[in-house]
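# Examining the three-dimensional arrangement
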Amino acid sequence: MTLRAEAHTPPATEVRRFGPAQKWVHRTTAALMGVCVVTAAFLYVPELAELVGRRELVVRIHECAGLALPVPVLAGLVSRAFRADLGHLNRFGPHDKVWLRAALRRDKRRSQRPAAKFNAGQKIYAAWIAGASLVMLGTGLIMWFTHLTPIMWRTSATFVHDWLALTIGIVLAGHIGMALADPEARGGLRTGKVSREWAQREHPLWRP
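Overview of the structure.

Calculation rules
Residues numbered from 1 in each chain as written. Predicted model: local features only at pLDDT ≥ 70, side-chain atom pairs only at ≥ 80, totals over all residues. Heavy atoms only, no water. Helix = DSSP H or I, 4+ residues; strand = E, 2+ residues; numbered from the N terminus. Rg over C-alpha atoms; globule rule 2.2 N^0.38 Å. Buried < 20%, exposed > 50% of the residue type's maximum accessible area, 1.4 Å probe, protein only. Contact = heavy atoms within 4.5 Å. Lys, Arg positive; Asp, Glu negative; His and termini not counted. Charge placed at Lys NZ, Arg CZ, Asp CG, Glu CD. Phe/Tyr/Trp six-rings, centres within 6.5 Å; stacked < 30°, edge-to-face > 60°. Lys NZ or Arg CZ within 6 Å of the ring centre and 35° of its normal. Polar contact = N/O pair within 3.5 Å; in protein donor to acceptor, adjacent residues only side chain to side chain. Patch = residues over 30% accessible without salt bridge, like charges linked within 9 Å, V, L, I, M, F, W, Y side chains within 5 Å. Areas by Shrake-Rupley, 256 points an atom, 1.4 Å probe, with all protein chains shown as cover. Salt bridge = Lys/Arg side-chain N within 4 Å of Asp/Glu carboxyl O. Disulfide = S-S within 2.5 Å. Axes fitted to C-alpha atoms, helices over the stretch in contact; angles between N-to-C directions. Parallel < 35°, antiparallel > 145°, perpendicular 65-115°, else oblique. Left-handed = near helix turned anticlockwise from the far one by under 90°. Nonpolar A, V, L, I, M, F, W, Y, C, P; charged D, E, K, R; others polar.

What follows deals with the overall build of the protein. The secondary structure content of the protein amounts to 10 helices and two strands. When the helices and strands of the protein are placed in sequence order, the string is β-α-α-α-α-α-α-α-α-α-β-α. For the protein, the C-alpha radius of gyration of 22 Å lies well beyond 17 Å, the compact-globule estimate for 208 residues. By its C-alpha atoms, the protein is 90 × 45 × 30 Å across when sized along the principal axes. Expressed as a percentage of its 208 residues, the buried residues of the protein come to 29%. Long-range pairs, those at least 24 residues apart, make up 68% of the contacts in the protein between residues at least 6 apart in sequence. Counting 28 positive and 14 negative side-chain charges, the protein places the averaged centre of each group 7 Å from the other.

Written out as structure tokens, the structure is:
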């Protein structure tokens, strides 16, 4: 009789965090948002506007990028995995309150910052940037089709659009800074995988 050695499968050192749909939506949305921010800077900063000169072209690029901004998210809804991630982002649990209290106290202990697939900060950022993008789209349309609304609406829309654009720029800078400070999280968006050790440390309630 031949004895077979029992096969032992070593535990996986990596876990899948994002699939192709999530990565595509994030990259495409980031690219469109980047175009909006850069073109806005060239439209509102005189020194940058002088470098380009072709203001009408910059305006058209800005408008097209803004109109296309919701498209990646809408297209991503075809993916079940992307819809599942939206569900995770839209649900706040008791552990998210604990995470926020620790963040407000600047308590960086991992035991005081429990998180599932997304932490409370990521959930708030996702909700805020989604709402801000819709407001920017609405006010931008009012500014574009000037003949459809009274002048008071156009003036208010311009005020909201300009100041919200500045706020978005600041928030995006913070978002990029946090991404640069965490190479593992950044790699997860690039490759779709993260190390099991990172997942257990940063998102202990997440069960891949």
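Attention now moves to the packing of aromatic side chains. Two aromatic rings are characterised by how far apart their centres lie and by the angle between their planes. Per the stated rule, a full pass over the model turns up three aromatic pairs. Centre to centre, the rings of Trp 144 and Phe 145 are 5.1 Å apart; their planes meet at 20°, and the pair counts as stacked. Looking at Phe 145, the relative accessible area reads 34%, which means it is partly exposed. It is Arg 17 that lies over the ring of Phe 118; its NZ or CZ is 5.5 Å from the centre. Lying across the ring of Phe 92, Lys 123 places its NZ or CZ 5.5 Å from the centre.

Glancing now at unusual backbone geometry. Phi at Arg 106 is positive, roughly 60°, even though this residue is not glycine. Positionally, Arg 106 belongs in the loop between α6 (94–104) and α7 (120–144).

When we look at burial in helix α5 (residues 80–90), the residues that qualify are Phe 82, Asp 85, Gly 87 and Leu 89. On its buried face, α5 sits against α1 (20–44), α4 (71–76) and α7. Between a side-chain oxygen at the N-terminus of α5 and the backbone nitrogen of Ala 81 the separation is 3.3 Å; the capping residue is Ser 79.

On the surface, a nonpolar cluster with roughly 610 Å² of combined accessible area is contributed by Val 135, Phe 159, Val 160, Trp 163, Leu 166 and Ile 170. With five residues, helix α8 (residues 151–180) is the largest single contributor of residues to the nonpolar patch. Since its relative accessible area comes to 54%, Phe 159 is described here as exposed.

Right, let's talk about the state of the cysteines for a bit. As enumerated under the stated definition, the model contains zero disulfides in all. With no disulfide of its own, Cys 36 has Cys 64 as its nearest cysteine by sulfur position, at a separation of 10.0 Å.

Turning next to the packing of α1 against helix α3 (residues 55–68). α3 packs onto α1 with a crossing angle of 150° between their chain directions and a minimal axis gap of 9 Å. Our classification of the angle between α1 and α3 gives roughly antiparallel. Relative to α3, the crossing made by α1 is left-handed. On the side of α1, the interface is formed by Leu 32, Val 35, Cys 36, Thr 39, Ala 40, Phe 42 and Leu 43, while α3 contributes Arg 55, Val 58, Val 59, Ile 61, His 62, Ala 65, Gly 66 and Ala 68. Within the contact of α1 with α3, the residues separate by chemical class into 11 nonpolar, three polar and one charged.

Summarising the element assignment, Gln 200 is placed in helix α10 (residues 196–202). A C-alpha to C-alpha distance of 9.8 Å links Gln 200 and Ala 116, two positions 84 residues apart in sequence.

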